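Observations on chain architecture
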Amino acid sequence: MVLAVQGIGLVGVAAMMFYTYLQQRRGNISVRGFVAWLLIWAGLGVVISYPSLFYPVMETLQIPSTADFIFSVGLFVTLAGLFILHSRVTRVQKRLNKLVEDDAVDNPLRRSEE
């Protein structure tokens, strides 16, 4: 049973690695993003393949099972990614507002003469 779950998990990790590769080839993610995602998928593959490597960490953090450990790490990574994404969107929004303000000052709308 455990080997079947590990096998399904590893197939999923391999599929996501391939999908990440396709997205990089299509130009949808940068090389930096590609490497970051590959490291994330590889790390998940290691946790799925060798869960006993993480037992000392899990005992220290008092996490009872490998699934709880994966979910906890996944939640942390998701929240960290959400924070980074929020920071970048806020920065882009401020830059866009500045560009619109500068353009409005430099090129005011003129009413057509009737």
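Quick caveat: nothing in here was measured; it's all calculated off a predicted structure.

Let's talk about the overall build of the protein
Tallying secondary structure elements over the protein gives four helices and zero strands in all. Each helix and strand of the protein, placed in order from N terminus to C terminus, yields the pattern α-α-α-α. Whereas a compact globule of 114 residues would reach a radius of gyration of roughly 13 Å, the protein reaches 23 Å, over 25% beyond that. Dimensions of the protein along its principal axes, counting C-alpha atoms only, are 80 × 35 × 25 Å. Relative to its full complement of 114 residues, the protein shows a buried share of 13%. A separation of at least 24 residues holds for 38% of the contacts in the protein among residues at least 6 apart in sequence. Charged side chains in the protein number 10 positive and 8 negative. The centres of these two groups are separated by 9 Å.

Some remarks on the packing of helix α1 (residues 2-25) against helix α2 (residues 31-49)
Closest axis-to-axis distance for the α1/α2 pair is 9 Å, and the angle between their directions is 175 degrees. Accordingly, the angle class assigned to the pair α1 and α2 is roughly antiparallel. Counting all contacts with α1, which are made through Q6, G9, L10, V13, M16, M17, T20, Y21 and Q24, the residues of α2 involved are V31, F34, W37, L38, W41, A42, L44, G45, I48 and S49. Looking at side-chain class alone, the contact of α1 with α2 contains 13 nonpolar, six polar and no charged residues.

Some points on the side chain of T66
Along the chain, the position of T66 falls in helix α4 (residues 66-106). Owing to a relative accessible area of 19%, T66 belongs among the buried residues under this scheme. Among residues more than four places away in sequence, those in contact with T66 are V47, P51, Y55 and M58.

Re the environment of D68
Relative to the elements of secondary structure, D68 occurs in helix α4. Sequence separation between D68 and V13 is 55 residues, and the spatial gap between their C-alpha atoms is 18 Å.

Considerations on the layout of surface pockets
Put simply, the largest pocket is a space of about 560 Å³. In this structure, the largest pocket is lined by 13 residues; those nearest its centre are A36, W37, G81, I84 and R88. At six residues, the largest contribution of residues to the lining of the largest pocket is made by α4. Counted by class, the lining of the largest pocket contains eight nonpolar, three polar and two charged residues. Within this model, the second largest pocket holds a volume of roughly 340 Å³. Lining of the second largest pocket is provided by 14 residues; of these, I40, L44, V73, G74 and V77 occupy positions nearest its centre. Elements with a minimum of two residues in the lining of the second largest pocket: α2 and α4. Of all the elements, α2 adds the most residues to the lining of the second largest pocket, at seven residues. Grouping the constituent residues of the lining of the second largest pocket by class yields eleven nonpolar, three polar and no charged.

Reading guide: rules and limits
Residues numbered from 1 in each chain as written. Predicted model: local features only at pLDDT ≥ 70, side-chain atom pairs only at ≥ 80, totals over all residues. Heavy atoms only, no water. Helix = DSSP H or I, 4+ residues; strand = E, 2+ residues; numbered from the N terminus. Rg over C-alpha atoms; globule rule 2.2 N^0.38 Å. Buried < 20%, exposed > 50% of the residue type's maximum accessible area, 1.4 Å probe, protein only. Contact = heavy atoms within 4.5 Å. Lys, Arg positive; Asp, Glu negative; His and termini not counted. Charge placed at Lys NZ, Arg CZ, Asp CG, Glu CD. Axes fitted to C-alpha atoms, helices over the stretch in contact; angles between N-to-C directions. Parallel < 35°, antiparallel > 145°, perpendicular 65-115°, else oblique. Nonpolar A, V, L, I, M, F, W, Y, C, P; charged D, E, K, R; others polar. 1 Å grid on protein atoms, 1.4 Å probe; cavity = no way out; pocket = protein on both sides within 12 Å on 5 of 7 lines; lining within 4 Å. Points joined across faces, edges and corners; volume = space filled by probe spheres on them.

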